[in-house]
Amino acid sequence: MFENLQDRLNDVFGQLTKRGHLTEADVDKALKEVRRALLEADVNFKLVKDFIERIRQKSVGIELSKSITPGQQVIKIVHDELLATLGEAAPLNLGGGSPHIIMMVGLQGSGKTTTTAKLALHLRKSKYTPLLVAADTRRPAAIEQLVVLGRELNIPVYTENPSVPPPTICANAIKAAKANAQNVVILDTSGRLQIDESLMEELSQIKAMTNPQEVLLVADSMTGQEAVKVAEGFHKQVNLTGLILTKIDGDARGGAAISIRSVTGIPIKFLGTGEKSRDLEVFHPDRLASRILGMGDVVSLVEKMEESIDEEVAERGAQRLMEGSFNLEDFLEQLQQLKKLGPLAKVMEMIPGMGEMAKSIPQGEVEKQLKATQAIINSMTGKERRNSKILNGSRKLRIATGSGTTVQEVNQLLSKFGQMQKMMKQFKNPRMRQNLMKMFGLGK
Amino acid sequence: MFKKLFGGKSITEALGGAKIKESLTRTRNSFFGQINTLFGGETIQPDLWDDLEALLIQADVGVDTTTELVEKVKDRVQLEGITRPAQAQAILQQEMQKLLEGFAPSAVEEYRILTVILIVGVNGSGKTTTIAKLAKLYQQQGKKVVIAAADTFRAAAIDQLKVWGERIDCPVVAGQPDSDPGAVVYDALKSSFARKANILIIDTAGRLHTKYNLMKELEKLHSIASKQVHAAPHETLLVLDGTTGQNAISQAKSFKESVQITGVILTKLDGTSKGGAVFAIGKELGVPVRFIGTGEGVDDLTLFDPPTFVSGLFAV
């Protein structure tokens, strides 16, 4: 929905390439756009102010490069500064004696319970034996939720009657972990507001009774300007050691991460990237920085493709393409894969610089055409799909009637497919193939 | 402290917004309290506008909406020859209010045999809790309410709703975990007719608005309801976390495109969050706020009333 910062900056700088260096006026204009991008990404207002000041100092007077545009140069400065603020990914601190204690805290609905299960799975992959502790006695069925997740993952969950105070539950759970030789204990606490004094006091008690190595704040990547106050509140009470940013698989730009990191200094440890228990990722500063700047997210696109596309089918298609034996049956198979990605316009929005182009595609137009193409191929017999040459007038008429299209549309599809095949025949030529591979940065 | 300084008269009492007022006390003290100091002087100072902009942005109102609001007030101040900050404040209040009002009343109020309310939203926005509150609210109005637990995806979501159902004595129609939510909706509609219920509230699984397949599933639920009951769902309400920043607009836009949301329920306003994004949602998408959630208790839901909301925010 937001314009790309890169496009906006290029717009600001326009013909600037000819001058030797960036003047203060140029920079001011550009910084206005940077400020806007950061605010739209929910970076805290006061931080944006400081941030812009630092970038101003670094930008004024820089030599303009011949190879990249001034817009790109400023973006590079902003990007670097963001990277510096975000810091490096930090691993979990699991030092000290066993069991290691991890305490999860956060607002209601930030994703603590789901993240607790994800973290346990992550740790088990690294040969730990985790125990989950259902210390959220307040939300109805929160205990059941953790029990269900534990059962799915085959990870034990410690529960007690909801009438037992959470600090007691946590302390008992650690005793149980010791008895059962479980070496990591993850405490799932209730969601609470950072201004709720009695509940914040309860967190302090849990901390005092369990002495955790890690106190992780679970924060929603969609959080707005409040992120600073929330993080400060929790940090003051229980001394946070790390942040997990959740729901990053949406389209929130995640500026809250910058805010939280800046005011507390705690490192960002993981990102929650989906609803499934395996959807937890070690934090990558560069990806988050690009995202905050709204510079498209190619990595996410690739992930989305990996998620929705059956690799085997895609590979088979590619293989047949290379062999030059790609027929309508293969084409249909690939089309069905493409459809799983969702509307083309949405996919294009994720590619840097394609946002504008995506807007020019009429809603649903491409999808309608894909559907028609699919209907046509579906109305063919297997023989016809494998060898489109046998399609004569009467066969075409049958196909058109069967697919609710016209003979003309069938012909159009066939002629396009014919051209495609011709082009693909050239892939058979090893030299052509090599050139093509080079074009995509593959091969030698 | 502000009360002493500005000798506040309680506008909210006259408007009957004691609850909103109470729940927004913190918000007011931390943020709009500052607005009152801004507007407290004798003459309008030039940095008033910058400070105002800063405050609105920090309330998640968003860059565009803030800029427009500030420009509008500035223009009117000049045009109407206003010199006192208090008058400028009244104008700001009017302009902010304008973005939230002028919408048709909730379709729930119209008479029909069965009213269907579909509740949608991203994960963790507070749908399930809000549904319990909403059911209670309508029960108190003498309506017979049924809840459909169509969140068959999240672990224990059905249990969560069942616990609430018991607490407020409201029937909950549910299926098995991981079963087809469409079937649950269908069963719930049939059950509502059999029970002669007035209102059916459908809980759906939280989904990020960028997930194509999940949004398609939601469209399916929407169409199942519309096939069984004329013009259903009569209200499709987006539950929006008041802590959410600018992404709220993207959420509202996507849910509007796929299931034509007719309103917003703004939750978690008992914290320090301001929910300023609703101004942009009203302005750009024409979607009204219907209720606000102000706590974890089953009674912590209030009808949203723009004048009360805005005056409540400004009142000292």
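Predicted model, so just to flag it, every value in this text is computed and none were measured.

## Some remarks on the overall build of chain A
When helices and strands are counted, chain A shows 21 helices and 8 strands. Residue pairs at least 24 apart in sequence account for 74% of intrachain contacts in chain A once pairs closer than 6 positions are excluded. Only carbon and sulfur atoms are counted for the fraction: they give 53% of the accessible area of chain A, which is about 21200 Å².

## Here we look at the overall build of chain B
When helices and strands are counted, chain B shows 14 helices and 8 strands. Per-residue burial over chain B gives 60% buried out of 316 residues. Excluding contacts between residues fewer than 6 apart, the proportion of contacts in chain B whose partners are at least 24 apart in sequence is 77%. Approximately 12500 Å² of chain B is accessible, and the part contributed by carbon and sulfur atoms is 52%.

## Remarks on the sheet that holds strand 7 (residues 289–293) of chain B
Residues and elements named next belong to chain B. An order of 3-2-4-1-5-6-7-8 is seen for the 8 strands of this open sheet, with the pairing classed as mixed. Each end of this open sheet is capped by a strand with a single partner; those strands are strand 3 (172–174) and strand 8 (301–303). Pairwise comparison of adjacent strand axes, ignoring direction, gives a mean angle of 25° for this sheet. Pairing of strand 5 (residues 235–241) with strand 6 (residues 263–267) involves 5 bridges; the strand directions are parallel. The residue of strand 6 that forms the bridge with L237 is G263.

## Points about the packing of helix 12 (residues 247–259) of chain B against helix 13 (residues 277–285) of chain B
What describes two packed helices is the angle between their axes and the distance between those same axes. Residue and element names in this part refer to chain B. At a minimum axis separation of 9 Å, helix 12 and helix 13 run at an interaxial angle of 40°. Between helix 12 and helix 13, the interaxial angle falls into the category oblique. Viewed along their axes, helix 12 and helix 13 form a crossing whose handedness is right-handed. Note on element contacts: helix 13 touches helix 12 through A277, A280, I281, E284 and L285, opposite A248, I249, A252, K253 and K256. Partitioned by chemical class, the residues of the contact of helix 12 with helix 13 number 7 nonpolar, no polar and 3 charged.

## A short note on helix 5 (residues 112–125) of chain A
All names here are of chain A. For helix 5, with 14 residues, the first-to-last C-alpha span of 20 Å sits near the 20 Å given by 1.5 Å per residue. Burial within helix 5 is extensive, with 10 of its 14 residues counted as buried. Inspection of helix 5 places K112, T113, T115, T116, A117, K118, L119, A120, L121 and L123 among the buried residues, and these make up the whole buried set. Trailing helix 5 by a residue or two, K127 shows a phi angle of about 70°, which is positive.

## Observations concerning empty space enclosed by the protein
Residues and elements named next belong to chain A. Counted according to the given criterion, the structure contains 3 cavities of 30 Å³ or more. Taken as a whole, the largest cavity spans an internal volume of roughly 150 Å³. Along the walls of the largest cavity sit 19 residues, with L107, S110, A219, D220 and T223 positioned nearest its centre. At the level of secondary structure, the elements contributing two or more residues to the lining of the largest cavity comprise strand 5 (214–220) and helix 9 (227–238). By residue number, the principal contributor to the lining of the largest cavity is strand 5, which donates 4 residues. Grouping the constituent residues of the lining of the largest cavity by class yields 8 nonpolar, 7 polar and 4 charged. Space inside the second largest cavity adds up to approximately 40 Å³.

## Quick look at the pairing of strand 6 (residues 242–246) of chain A
Residues and elements named next belong to chain A. The buried count for strand 6 comes to 5 of 5 residues, which makes it a mostly enclosed element. With burial as the criterion, each face of strand 6 is covered, one bearing G242, I244 and T246 and the other bearing L243 and L245. Here strand 5 runs beside strand 6; their pairing, made up of 5 bridges, is parallel. Pairing of A219 across the sheet is with L245, part of strand 6. Viewed along the sheet, the connection from strand 5 through helix 9 into strand 6 turns out right-handed. Pairing analysis gives 3 bridges linking strand 6 to strand 7 (residues 268–272), with the strands arranged parallel. In the strand pairing of strand 7, I244 is matched with F270. Regarding topology, helix 10 (residues 256–264) serves as the crossover connection from strand 6 to the parallel strand 7, and that connection is right-handed.

## A look at the interface of chain A and chain B
Taken residue by residue, the interface counts 40 residues in chain A and 45 residues in chain B. Each partner contributes to the roughly 3700 Å² buried at the junction of chain A and chain B, and carbon and sulfur atoms together form 56% of this total. In this structure, the connection of chain A to chain B is made through 4 salt bridges. Here E296 of chain B makes a salt bridge to R138 of chain A, at a shortest N to O gap of 2.5 Å. Run the count over chain A and chain B and you get 18 residue pairs in polar contact (both at pLDDT 80 or more).

## Points about the pattern of salt bridges
Tallying each qualifying case throughout the model produces 32 salt bridges over all chains. Note that E202 of chain A and R192 of chain A form a salt bridge whose closest N and O atoms lie 3.0 Å from each other. Remark: R192 of chain A occurs in the loop between strand 4 (184–189) and helix 8 (197–210) and E202 of chain A occurs in helix 8; sequence separation between them is 10 residues. The same class applies to E202 of chain A as to R192 of chain A, namely buried. A salt bridge links D220 of chain A to K247 of chain A; its shortest N-O distance comes to 2.8 Å. Within this pair, whereas D220 of chain A is found in strand 5, its partner K247 of chain A is found in the loop between strand 6 and helix 10, the two being separated by 27 residues in sequence. By the burial criterion, D220 of chain A is buried, and K247 of chain A matches it. Each of R76, E80, E95 and K98 of chain B takes part in salt bridges that share partners, so that together they form one network.

## Considerations on the environment of R56 of chain A
Residue and element names in this part refer to chain A. Mapped onto the fold, R56 is located in helix 3 (residues 45–59). In the structure, R56 is positioned 178 residues away from F234 in sequence and 33 Å away in space, judged by C-alpha atoms. Discounting residues that sit within four places of it in the chain, R56 has contacts with V27, D28 and L31.

## Focus on the side chain of T65 of chain B
Residues and elements named next belong to chain B. Following the sequence through the fold, T65 ends up in helix 6 (residues 63–79). On the basis of relative accessibility, which here comes to 3%, the residue T65 falls in the buried class. Beyond its immediate chain neighbours, meaning those up to four positions away, T65 contacts L99, F279, A280 and K283.

## A look at helix 6 of chain B
End to end, helix 6 of chain B covers 24 Å across 17 residues, agreeing with the expected 24 Å (1.5 Å per residue, within 8%). Within helix 6 of chain B the residues assigned to the buried category are V63, T65, T66, L69, V70, V73, R76 and V77 of chain B. Here the buried face of helix 6 of chain B lies against helix 2 (24–40) of chain A together with helix 5 (47–58), helix 7 (85–98) and helix 13 of chain B. Just downstream of helix 6 of chain B lies G81 of chain B, where phi reads positive at about 60°.

## Observations concerning the nonpolar core
With 72 residues, the main nonpolar core has L38, L82, F234 and L288 of chain A as its most contacted residues. One finds V73, L92, A197 and L269 of chain B within the second-largest nonpolar core, a separate group that totals 67 residues.

## Some words on the confidence of the model for chain B
Mean pLDDT for chain B: 86, with 86% of residues reaching 70 or above. This model gives residues 1–16 of chain B a pLDDT under 50, and the stretch forms 19 contacts once residues within four places in sequence are excluded.

## Here we look at unusual backbone geometry
The omega angle of the peptide bond from S98 of chain A to P99 of chain A is 0°, so this bond is cis rather than trans. When you line up the elements, P99 of chain A lands in the loop between helix 4 (70–86) and strand 1 (100–105). Note that the residue after A232 of chain B, namely P233 of chain B, is joined by a cis bond; omega there is -10°. Mapped onto the elements, P233 of chain B comes out in the loop between helix 11 (212–228) and strand 5. Positioned with a positive phi, A141 of chain A is a non-glycine residue whose angle comes to about 65°. Inspection of the secondary structure puts A141 of chain A in the loop between strand 2 (130–135) and helix 6 (142–153). In this structure A141 of chain A comes out as buried when scored by relative accessible area, which is 8%. In this structure, A156 of chain B takes a positive phi of about 65° despite not being glycine.

Thresholds applied
- Residues numbered from 1 in each chain as written.
- Chains lettered and ligands numbered in written order.
- Predicted model: local features only at pLDDT ≥ 70, side-chain atom pairs only at ≥ 80, totals over all residues.
- Heavy atoms only, no water.
- Helix = DSSP H or I, 4+ residues; strand = E, 2+ residues; numbered from the N terminus.
- Contact = heavy atoms within 4.5 Å.
- Areas by Shrake-Rupley, 256 points an atom, 1.4 Å probe, with all protein chains shown as cover.
- Buried < 20%, exposed > 50% of the residue type's maximum accessible area, 1.4 Å probe, protein only.
- Pairing = 2+ DSSP bridges.
- Axes fitted to C-alpha atoms, helices over the stretch in contact; angles between N-to-C directions.
- Parallel < 35°, antiparallel > 145°, perpendicular 65-115°, else oblique.
- Left-handed = near helix turned anticlockwise from the far one by under 90°.
- Nonpolar A, V, L, I, M, F, W, Y, C, P; charged D, E, K, R; others polar.
- Expected span 1.5 Å × (residues − 1).
- 1 Å grid on protein atoms, 1.4 Å probe; cavity = no way out; pocket = protein on both sides within 12 Å on 5 of 7 lines; lining within 4 Å.
- Points joined across faces, edges and corners; volume = space filled by probe spheres on them.
- Right-handed = clockwise from strand over helix to strand, strands pointing away.
- Buried area = accessible area lost by both parts, 1.4 Å probe.
- Salt bridge = Lys/Arg side-chain N within 4 Å of Asp/Glu carboxyl O.
- Polar contact = N/O pair within 3.5 Å; in protein donor to acceptor, adjacent residues only side chain to side chain.
- Core = buried A, V, L, I, M, F, W, Y, C linked by side-chain atoms within 4.5 Å.
- pLDDT = per-residue confidence, 0-100.

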